[in-house]
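Working through the structure, step by step
Spelled out, the chains give:
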Amino acid sequence: MNNKLIVSTSPHIYTRESSAKIMWMVTLSLVPAGIAGVYIFGLSSLWVILTGIISAVLTEAAIQKLRGAAVTLYDGSALLTGLLLAYCLPPAVPLWVVACGSVFAIAIGKQAFGGLGQNIFNPALAGRAFLLAAWPTYMTTWTNPRGALDAITSATPLDNAFVGVTYWDLFIGRRSGCIGEVCIIALLAGALFLLMSGYISWHIPFSFIATAGIFTWAFGADTLFSGQWLFHILSGGLILGAFFMATDYVTSPLTNKGKLIFGFGCGLFTGIIRLWGGYPEGVCYAILLMNAACPLIDRYTRPRRFGTK
Amino acid sequence: MGKTRLSPPDFKERTRALPIKAMGAVPEVVLPLLQHTGAPCGPEVAAGDNVKAGTLIARSKEYVSAPIHSSVSGSVKAIEEKPHPILGRYKAIVIASDGRDEQDSSIQDRKDTASLSADEIRKIIRDCGIVGLGGAAFPTHIKLKPPKEKPIDTFILNAAECEPFLTADHRLMLEKPERIIEGMLIAMKVLGVKRAIIAIEENKPDAIEVMKKIVDNDSIKVVSLKSFYPQGAEKQLIKTILRREVPPGGLPFDVGCVVNNVATCFAIYEAVYKNKPLYERVITVSGKIVKNPGNILVRVGTKVGDIIEFCGGLSEEAAKVIVGGPMMGIAQYTLEVPVIKGTSGIIVFGKSQVKAPLSQACIRCGRCIEVCPMGLNPSAIAQAIEKGRFDLAEEYNVLDCVECGICSYVCPGNRDIVGLVKLAKQKLKNKERK
């Protein structure tokens with residue numbers, strides 16, 4: 001028996017937490033928003049979601065095989081990337097476009113940097129940015145929500161503000177937009193679950209949403225401090241981005257102070273792009289820009305070394 | 001921003017109510033020549049010599065060292081390399097017991113303790129080989145002699161016992177509280193300190209009550225501490241109690257205090273009042289598969305295998321045997337390894353309780369930063385070391401790490417952060433030597 005003792009460095013006990021569990025919990029928290037999306041826009045959304053997931057997972061497995069690395073699909077991270085990418089796509093986007101986005105997200109956005117934990121940019125958002133640049137028409141062709149008269153295309157509220165859309169409509173998702181971003185109440189349910197169970201902290205969503213709200217209130221109209229801030233918070237991908245994209249551990253700062261700065265930057269860039277930029281929506285690019293700033297933020301927000309000021 | 005306080009499940013319920021049991025002398029003890037922080041001892045005996053329990057068998061002329069005494073009566077069998085719980089293998093004196101278990105004649109009650117000067121007491125403590133029994137085994141006579149330019153205003157009795165599973169200090173407080181206090185008063189006298197704080201984690205309410213009954217006044221206070229890990233780490237404890245932070249690379253002296261552990265104060269009592277060298281101590285033997293776990297008074301040098309047998313053996317095959325607690329203890333490769341002065345417990349895990357570190361990718365979740373008591377970034381340190389960037393790890397203050405293990409404990413990737421830190425410290429030490 002003496003030959004069989006296991007020797008390893010301390011500690012010898014661990015929490016039950018695992019990276020895989022975290023990924024699956026985040027995935028679970030996104031399910032309500034997905035169901036809402038499919039209900040609101042119809043079955044085509046489901047095919048987009050499934051295509052996003054399957055192509056992301058296959059790409060991950062293929063590249064890990066090619067790299068000679070262990071295939072780690074069980075960790076759920078590729079699935080989550082595919083899911084998040086699908087959530088920020090229009091419901092009527094051709095499935096081959098979705099697949100291209102997933103391949104880009106995993107191959108270039110994640111694996112090219114060295115795989116899980118090493119990527120600079122949020123892979124799902126990198127995928128979306130790529131699709132928006134490559135096929136802008138597909139990426140801006142919107143489907144009307146269930147119950148609307150004209151079922152083909154219309155602008156998202158951000159393109160053409162307030163065409164008969166109430167705050168309540170925004171809240172329950174009765175508007176056109178991307179699959180996973182429209183139903184705010186479903187997103188908030190998932191976000192609440194993540195906050196309560198400690199999988200995300202409040203810092204990034206709070207400073208992101210607050211900054212975007214204040215910025216659009218201050219500069220969102222012809223006169224100062226009269227912008228429709230609540231409209232800006234509830235529309236576009238702000239809620240999805242603030243709770244589920246910007247909080248991605250890998251691409252956000254490590255400390256709470258850093259997270260507040262990161263969220264502030266995301267909110268600021270979102271506001272600038274939405275109000276003064278060429279695109280109607282700014283969440284995706286705002287987060288990607290702040291992803292790039294993350295190492296810098298980490299450098300200047302190191303924790304205080306014990307025994308020093 | 002506030003630190004996250006985390007308490008791993010404490011697993012103390014199996015042994016906290018069990019009175020200390022004396023195991024007595026065993027047929028053979030193995031006494032390594034290095035059991036403390038400092039210079040190793042040289043043997044003072046040769047094979048064939050007869051010794052008694054408490055007979056001096058090894059010492060060093062160096063100041064930072066502590067002599068070693070036989071823990072049984074019998075004869076020296078050999079002086080050879082043997083398994084060592086921390087160092088892998090080390091030269092040790094092997095003593096075969098004659099079964100009579102006689103004490104050395106030098107062990108006698110001392111009556112005139114009140115008239116002893118500070119220097120005399122320090123010499124007794126040194127001659128009795130007392131070291132810190134909390135784990136680091138730093139020679140106590142040095143801890144009790146702060147440099148003149150550093151005035152000490154507070155003595156802290158460390159009774160936190162924050163390591164899961166361990167209950168030896170807890171039991172000692174319930175069963176020998178007066179002696180612990182006597183030992184503490186001696187240490188305070190040596191230091192010339194008037195104020196003392198007895199720091200106990202709130203998960204030991206009975207011990208708090210017992211200690212309060214004996215002393216609780218303006219100068220000696222019993223405080224109940226929140227239970228979290230690593231509350232009992234020296235620097236953390238000083239911060240919790242006095243709101244003072246020991247500067248990087250510094251010692252408790254630097255912030256005007258001295259910290260000693262419960263069992264150490266008990267050993268000081270035995271040394272000063274009985275002239276009894278440190279050759280036995282209380283350890284906790286626990287783990288799901290130990291048939292009769294308990295708090296056992298064992299002779300230093302007793303082999304782990306013998307102790308497990310004394311505790312009724314195991315209900316299934318051992319997968320991991322840890323000397324110390326599960327957070328900082330060391331996994332052993334053989335049951336032939338002996339208990340040394342600094343050993344606080346033996347924890348045995350069966351196959352189902354062992355989770356080997358998988359060392360998956362870091363997902364930058366930041367949990368390790370939130371819990372690190374030293375304000376370090378374990379994630380960045382570990383990644384630097386993995387890339388062989390020991391210089392970068394040093395810049396990230398890897399040398400401040402106290403190896404408490406809470407970062408690896410919370411890590412969802414089960415990353416072996418402590419193992420990497422130990423490697424880096426070794427590399428940096430070697431570099432300095434060159």
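Presented here is an overview of the structure given in this document.

Parameters and conventions
- Residues numbered from 1 in each chain as written.
- Chains lettered and ligands numbered in written order.
- Predicted model: local features only at pLDDT ≥ 70, side-chain atom pairs only at ≥ 80, totals over all residues.
- Heavy atoms only, no water.
- Helix = DSSP H or I, 4+ residues; strand = E, 2+ residues; numbered from the N terminus.
- Rg over C-alpha atoms; globule rule 2.2 N^0.38 Å.
- Buried < 20%, exposed > 50% of the residue type's maximum accessible area, 1.4 Å probe, protein only.
- Contact = heavy atoms within 4.5 Å.
- Areas by Shrake-Rupley, 256 points an atom, 1.4 Å probe, with all protein chains shown as cover.
- Lys, Arg positive; Asp, Glu negative; His and termini not counted.
- Charge placed at Lys NZ, Arg CZ, Asp CG, Glu CD.
- Buried area = accessible area lost by both parts, 1.4 Å probe.
- Salt bridge = Lys/Arg side-chain N within 4 Å of Asp/Glu carboxyl O.
- 1 Å grid on protein atoms, 1.4 Å probe; cavity = no way out; pocket = protein on both sides within 12 Å on 5 of 7 lines; lining within 4 Å.
- Points joined across faces, edges and corners; volume = space filled by probe spheres on them.
- Axes fitted to C-alpha atoms, helices over the stretch in contact; angles between N-to-C directions.
- Left-handed = near helix turned anticlockwise from the far one by under 90°.
- Nonpolar A, V, L, I, M, F, W, Y, C, P; charged D, E, K, R; others polar.

1. Some thoughts on the overall build of chain B
- The helix and strand inventory of chain B stands at 13 helices and 17 strands.
- Its C-alpha radius of gyration of 21 Å places chain B within 12% of the 22 Å reference for a compact globule of 434 residues.
- Its C-alpha atoms give chain B principal-axis dimensions of roughly 60 × 50 × 50 Å.
- The buried share of chain B, taken over its 434 residues, is 59%.
- Summarising the internal contacts of chain B: among those between residues at least 6 apart in sequence, 72% fall at separations of at least 24.
- Accessible surface, chain B as shown: approximately 17200 Å² in total, 52% of it carbon and sulfur.

2. A short note on the overall build of chain A
- Check the secondary structure of chain A and you find 13 helices and zero strands.
- The helix and strand sequence of chain A, counted from the amino end, reads α-α-α-α-α-α-α-α-α-α-α-α-α.
- Seen through its principal axes, chain A has C-alpha atoms that stretch 75 × 50 × 30 Å.
- Burial analysis of chain A (309 residues in total) assigns 56% to the buried set.
- Of the contacts made within chain A by residues no fewer than 6 positions apart, 72% connect residues no fewer than 24 positions apart.
- With an accessible surface of roughly 13200 Å², chain A has 69% of that area assigned to carbon and sulfur atoms.
- Chain A carries 18 positive and 11 negative side-chain charges, and their two centres are separated by 16 Å.

3. Comments concerning the interface of chain A and chain B
- Counting residues at the interface gives 43 residues for chain A, matched by 64 residues for chain B.
- A combined buried area of about 4700 Å² lies between chain A and chain B, and 56% of that area is made up of carbon and sulfur atoms.
- At the surface where chain A touches chain B, the tally comes to four salt bridges.
- Two residues, Glu-245 of chain B and Arg-304 of chain A, come together in a salt bridge whose shortest N-O distance is 2.7 Å.

4. Looking at empty space enclosed by the protein
Residues and elements named next belong to chain A.
- Summed over all chains, the structure comprises five cavities of 30 Å³ or more.
- Estimated volume of the largest cavity: approximately 300 Å³.
- Lining the largest cavity are 22 residues, and of these Met-23, Leu-80, Leu-84, Asp-248 and Tyr-249 lie nearest its centre.
- Of all elements in the fold, only helix H1 (19–41), helix H3 (77–87), helix H5 (123–134) and helix H11 (238–245) reach the threshold of two or more residues within the lining of the largest cavity.
- A total of four residues in the lining of the largest cavity trace back to one element, the largest contributor, which is H3.

5. Thoughts on unusual backbone geometry
- Following Ser-10 of chain A, the chain continues to Pro-11 of chain A via a peptide bond in cis, the omega torsion being -5°.
- Along the chain, Pro-11 of chain A turns up in the segment before H1.
- One non-glycine residue, Ala-137 of chain B, lies in positive phi territory at about 55°.
- With respect to the helices and strands, the residue Ala-137 of chain B is situated in the loop between helix H1 (118–127) and helix H2 (140–143).
- The class for Ala-137 of chain B is buried, based on a relative accessible area of 4%.
- In the Ramachandran plot, Arg-243 of chain B falls in the positive-phi region, its phi being about 60° despite a non-glycine side chain.
- With respect to the helices, strands and loops of the structure, Arg-243 of chain B is situated in the loop between helix H6 (234–242) and strand E12 (257–261).
- A residue is classified by how much of its surface remains accessible, and Arg-243 of chain B, at 67% relative accessible area, is exposed.

6. Comments concerning the packing of helix H9 (residues 203–219) of chain A against helix H12 (residues 256–276) of chain A
Residue and element names in this part refer to chain A.
- For the pair H9 and H12, interaxial distance at closest approach is 7 Å and the crossing angle is 35°. For the pair H9 and H12, the sense of crossing is right-handed.
- Here the residues of the contact of H9 with H12 sort into 14 nonpolar, nine polar and one charged.

7. Things to note about the environment of Gly-34 of chain A
Residues and elements named next belong to chain A.
- Assignment of secondary structure puts Gly-34 in helix H1.
- What makes Gly-34 buried here is its relative accessible area of 5%.
- When the C-alpha positions of Gly-34 and Glu-60 are compared, they lie 22 Å apart, and in sequence the two are 26 residues distant.
- Dropping the residues within four chain positions of it, Gly-34 is found in contact with Ile-49 and Tyr-87.

8. Things to note about the environment of Val-215 of chain B
Residue and element names in this part refer to chain B.
- Residue placement: Val-215 occurs in the loop between helix H5 (205–214) and strand E11 (220–225).
- Residue classification places Val-215 among the buried residues on the basis of a relative accessible area of 12%.
- Sequence separation between Val-215 and Pro-177 is 38 residues, and the spatial gap between their C-alpha atoms is 10.0 Å.
- With near-sequence residues (within four places) excluded, Val-215 lies in contact with Ile-181, Ile-198, Ile-220 and Val-222.

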